[in-house]
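Chain by chain, the residues run as shown.
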Amino acid sequence: MAGSKQLEQTSKSIDSSAHMITTARVPADKPVRIAFSLSDSPDDDSSESFPLAFPDLDQQLQPLPPCHDSKESMQVYKQHCKIAEEYHEVKKEIALLEERKKELIARLEQVEKESMDAAQLAKEYAELTEENRTLKLAQTQCVEQLEKLRIQYQKRQGSS
């Protein structure tokens, strides 16, 4: 917390009218944009004439140009660049994790649907098994009743 407060105070003290070229190293995989102004008007905003170190970063989060005459300013600038890189990496990781979360939620929903389908099938199977048992019992009773009727019929035929 104290480091960010110091960074904020130091950033505020940087001369906003300085037009200098930075010598900070940029990783090879990062695009480099060079910007300069032909106007030396002190009214110009330095953020307009200084290249954005991190084009994907919001304007208000961009490292402010350092005052090259001040070691502290250069350190703060380098520290801010490092923080901006870390912030960018964290944002990328968050995006990847959110994408993974979406995939996992979709997978979970699919598994739950399949589980519900399996539960529904199990319930339907139990119902059909019970119905089958009831029908077999009814068939057995009908067969027995039919046999009794045949016997009665044969007795009547034999007695007549």
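Basis of the calculations
Residues numbered from 1 in each chain as written. Predicted model: local features only at pLDDT ≥ 70, side-chain atom pairs only at ≥ 80, totals over all residues. Heavy atoms only, no water. Helix = DSSP H or I, 4+ residues; strand = E, 2+ residues; numbered from the N terminus. Buried < 20%, exposed > 50% of the residue type's maximum accessible area, 1.4 Å probe, protein only. Contact = heavy atoms within 4.5 Å. Areas by Shrake-Rupley, 256 points an atom, 1.4 Å probe, with all protein chains shown as cover. Expected span 1.5 Å × (residues − 1). pLDDT = per-residue confidence, 0-100. Salt bridge = Lys/Arg side-chain N within 4 Å of Asp/Glu carboxyl O. Core = buried A, V, L, I, M, F, W, Y, C linked by side-chain atoms within 4.5 Å.

## Things to note about the overall build of the chain
Scanning the chain for helices and strands turns up three helices and zero strands. Ordered by position from the N terminus, the helices and strands of the chain form the series α-α-α. Out of the 160 residues belonging to the chain, those deemed buried represent 15%. When contacts within the chain are restricted to residue pairs at least 6 apart in sequence, those whose partners lie at least 24 apart make up 50%. Approximately 13500 Å² of the chain is accessible, and the part contributed by carbon and sulfur atoms is 55%.

## Digging into helix 3 (residues 71–159)
Taking 1.5 Å of rise per residue, 89 residues should cover 132 Å, and helix 3 covers 129 Å from first to last C-alpha, within 8% of that figure. When we look at burial in helix 3, the residues that qualify are Ser73, Met74, Val76, Tyr77, His80, Cys81, Ala84 and His88.

## Observations concerning the environment of Cys81
Checked against the element boundaries, Cys81 lands in helix 3. Judged by relative accessible area, which is 11%, Cys81 ranks as buried. Ignoring sequence-local partners within four residues, the contact set of Cys81 consists of Phe54 and Pro63.

## Some words on the confidence of the model for the chain
Per-residue pLDDT for the chain averages 77, and the proportion of residues at 70 or more is 66%. Residue range residues 1–23 is modelled with pLDDT below 50. Its contacts to residues more than four positions away, or to other chains, number 31 contacts.

## Quick notes on the pattern of salt bridges
In this structure the tally under the stated criterion is five salt bridges. Linking Lys92 and Glu89 is a salt bridge whose minimum nitrogen-to-oxygen distance equals 3.5 Å. Remark: Glu89 and Lys92 occur in helix 3; sequence separation between them is three residues, near one turn of the helix. Overall, the relative accessible area of 42% leaves Glu89 in the partly exposed class.

## Some points on the environment of Asp56
Locating Asp56 in the fold gives a position in the loop between helix 2 (46–49) and helix 3. Given a relative accessible area of 61%, Asp56 falls into the exposed group. The spacing of Asp56 and His88 is 32 residues in sequence and 8.1 Å in space, taken between C-alpha atoms.

## Brief notes about the nonpolar core
Among the nonpolar cores identified, the biggest contains five residues, and these are Phe54, Leu57, Tyr77, Cys81 and Ala84. Those residues in contact with Leu57, other than ones at most four positions away along the chain, are Gln62, Ala84 and Tyr87.

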